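Chain residues, written in single-letter form:
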Amino acid sequence: MANILVTGGAGYIGAHTCVALMNAGHNPVILDNFHNSSPQVLDRLERITGQRPVLVQADIRDRLALDCALEAHRIDAVIHFAALKAVGESAEIPVDYYSVNIGGLLTLIEAMTSANIRKLVFSSSANVYGEPASVPVREDFPLSAGNPYGRTKLMGEMILGDLAATQTGWHIARLRYFNPLGAHESGLIGEAPNGIPSNIGPYVAKVAARELPEVSVFGDDYDTPDGTGVRDFIHVMDLAEGHIAALDGIWAAPGLTTVNLGTGKGCSVLELIHAFEAQSGRRIPYRIAPRRPADIAQSYADPSLAEKLLGWKASRSLADMCRDTWRWQMNSSAAGEEDRALTG
Ligand SMILES: NC(=O)c1ccc[n+]([C@@H]2O[C@H](COP(=O)([O-])OP(=O)(O)OC[C@H]3O[C@@H](n4cnc5c(N)ncnc54)[C@H](O)[C@@H]3O)[C@@H](O)[C@H]2O)c1
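Residues numbered from 1 in each chain as written. Predicted model: local features only at pLDDT ≥ 70, side-chain atom pairs only at ≥ 80, totals over all residues. Heavy atoms only, no water.

1. Regarding the layout of surface pockets
Piece 1. By volume, the second largest pocket is sized at about 270 Å³.
Piece 2. If you trace the second largest pocket, you find 17 residues lining it, with Phe-233, Thr-263, Lys-265, Arg-316 and Met-321 closest to the centre.
Piece 3. Elements supplying a minimum of two residues to the lining of the second largest pocket: α10 (304-310) and α11 (318-342). (1 Å grid on protein atoms, 1.4 Å probe; cavity = no way out; pocket = protein on both sides within 12 Å on 5 of 7 lines; lining within 4 Å. Points joined across faces, edges and corners; volume = space filled by probe spheres on them. Helix = DSSP H or I, 4+ residues; strand = E, 2+ residues; numbered from the N terminus.)

2. Considering the nonpolar core
Piece 1. Within the largest apolar cluster, 40 residues are counted, with the highest numbers of intra-cluster contacts made by Ile-4, Leu-45, Val-121, Leu-175, Leu-247 and Leu-261.
Piece 2. Counting only elements with at least two residues in this core, the list comes to β1 (3-7), α1 (12-23), α2 (40-49), β4 (77-80), β6 (171-177), α8 (236-252), β11 (255-261) and α10.
Piece 3. Sort the elements by how many residues they give to this core and α8 lands first, with 9 residues.
Piece 4. Each residue touching Val-121, except ones within four places of it in the same chain, is listed here: Val-78, Ile-79, His-80, Ala-173, Leu-175, His-243, Ala-246, Leu-247 and Ile-250. (Core = buried A, V, L, I, M, F, W, Y, C linked by side-chain atoms within 4.5 Å. Buried < 20%, exposed > 50% of the residue type's maximum accessible area, 1.4 Å probe, protein only. Contact = heavy atoms within 4.5 Å.)

3. What about the pairing of β4?
Piece 1. Across the two faces of β4 the burial is the same, with Ala-77 and Ile-79 and Val-78 and His-80 all buried.
Piece 2. Across 4 bridges, the pairing between β1 and β4 is parallel. Bridge pairing in β4 places Thr-7 opposite His-80. (Pairing = 2+ DSSP bridges.)

4. Topic: the site of the ligand
Piece 1. Residues in contact with the ligand amount to 29 residues; listed here are only the nearest, Asp-32, Asn-36, Ser-37, Lys-85 and Tyr-149.
Piece 2. Burial of the ligand by the protein amounts to 96% of the accessible area it has alone, namely 820 Å².
Piece 3. If one sorts the elements of the shell around the ligand by residue count, strand β5 (residues 119-125) sits on top with 3 residues. (Near = heavy atom within 4 Å. Areas by Shrake-Rupley, 256 points an atom, 1.4 Å probe, with all protein chains shown as cover.)

5. Topic: empty space enclosed by the protein
Piece 1. Tallying each qualifying case throughout the model produces 1 cavity of 30 Å³ or more.
Piece 2. Counted as a void, the largest cavity has a volume near 40 Å³.
Piece 3. Lining the largest cavity, in full, are His-80, Ala-82, Ala-83, Asn-101, Phe-122, Thr-152 and Lys-153.
Piece 4. When grouped by side-chain class, the residues that make up the lining of the largest cavity number 3 nonpolar, 3 polar and 1 charged. (Nonpolar A, V, L, I, M, F, W, Y, C, P; charged D, E, K, R; others polar.)

6. Describing the pattern of salt bridges
A side chain with one charge may pair with a side chain of the opposite charge, provided their charged atoms come close.
Piece 1. Going through the model one piece at a time under the given rule, you end up with 16 salt bridges.
Piece 2. The shortest N-O distance in the salt bridge between Glu-157 and Arg-176 comes to 2.7 Å. Linking Glu-157 in helix α6 (residues 148-166) with Arg-176 in strand β6, this pair joins segments that are 19 residues apart in sequence.
Piece 3. Here Arg-176 falls in the buried class, since its relative accessible area comes to 3%.
Piece 4. Residue Arg-287 is joined to Glu-214 by a salt bridge in which the shortest nitrogen-to-oxygen separation is 2.8 Å. With Arg-287 in strand β13 (residues 286-289) and Glu-214 in the loop between α7 (200-208) and β8 (215-218), the pair connects residues that are 73 residues apart, well separated along the chain. (Salt bridge = Lys/Arg side-chain N within 4 Å of Asp/Glu carboxyl O.)

7. Thoughts on the side chain of Arg-118
Piece 1. Mapped onto the elements of the fold, Arg-118 is located in the loop between α5 (94-115) and β5.
Piece 2. No salt bridge is formed by the buried Arg-118; the nearest opposite charge belongs to Asp-67, separated by 11 Å.
Piece 3. A distance of 3.3 Å separates a polar atom in the side chain of Arg-118 from the backbone oxygen of Thr-113.
Piece 4. Within the local environment of Arg-118, its side chain forms a polar contact with the side chain of Asn-116, the two groups lying 3.5 Å apart.
Piece 5. Not counting residues up to four positions away in its chain, the partners in contact with Arg-118 are Met-112, Thr-113, Thr-168, Gly-169, Trp-170 and His-171. (Lys, Arg positive; Asp, Glu negative; His and termini not counted. Polar contact = N/O pair within 3.5 Å; in protein donor to acceptor, adjacent residues only side chain to side chain.)

And the structure:
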């Protein structure tokens, strides 16, 4: 059993990873400032696992808070999720993105160095491949980033690469996530962004629940089977379990490990909408809109390196992702109704 600091642990992927950590017998300590999440997640985690993770409410750039958390909770390793993550927003407020995503990472590395903690799992993104020349995307493909968010992930990877190359004793995993979707099967936790969702999963769910009028499908003239963008949707619990495999992997092997976490299957936006209709039993109105400048035609992973190095492979289907997202959406809509009734 290890004590794992989970920065951004109240967020979407972080909360699901806390469940996977507790299932694996570890002790997560969540550090989050609730910029894009809510303290209620802690109650939900306790209901799912019977164990309430310790919470440190702090900004990832707060060095003193990090020093105290690492020491007080005798942290053995860190999984670093805390970041700003919306591609579109990153083009509007890039400095905030550099401050949180790069400033936060540097502060964390300095605090870990001074506490002599050298095991780190980092949330990277398929965004670091820019527009891949072909699919499936392998880890040795050229890297580039077409927006400030992607650049923060690429720079984060470079910083960690330089760290591992120059300082001995570090065990670092850089995990390149494809497109997380779905929710825990209990329906108690799921993606709950503050404001209008920027990711397609929760957006489609809100349209199905009649909380938003329609889905905008950005472009239907890409060179893909049905003309809409193709992505590699991966169940968030598969992704969460990938972090446990990565932790086990870096525990055994020092240095730097970089892997894709995806399913290896491409799915178009229209396929996703139809799969969601099948699971929710609701018609999902959509409208074809112009392409967005930052979007690419298709991206899906070659996940074989993660299987080879970490023994990890995604196992849940697109239907599972849609069913679990819908269950979570229905639960959160019901909770919203109740709150509104209680507050008059
Ligand atoms: N969801 C995706 O599609 C996706 C894809 C690839 C990579 N990622 C990366 O995975 C990580 C987690 O993503 P997510 O989808 O769970 O996002 P999320 O927004 O749900 O979770 C991030 C968490 O970090 C917290 N946070 C933000 N700024 C902070 C700060 N300054 N100090 C402390 N906490 C702060 C937020 O409150 C939130 O709880 C991020 O690093 C993201 O860039 C996400």
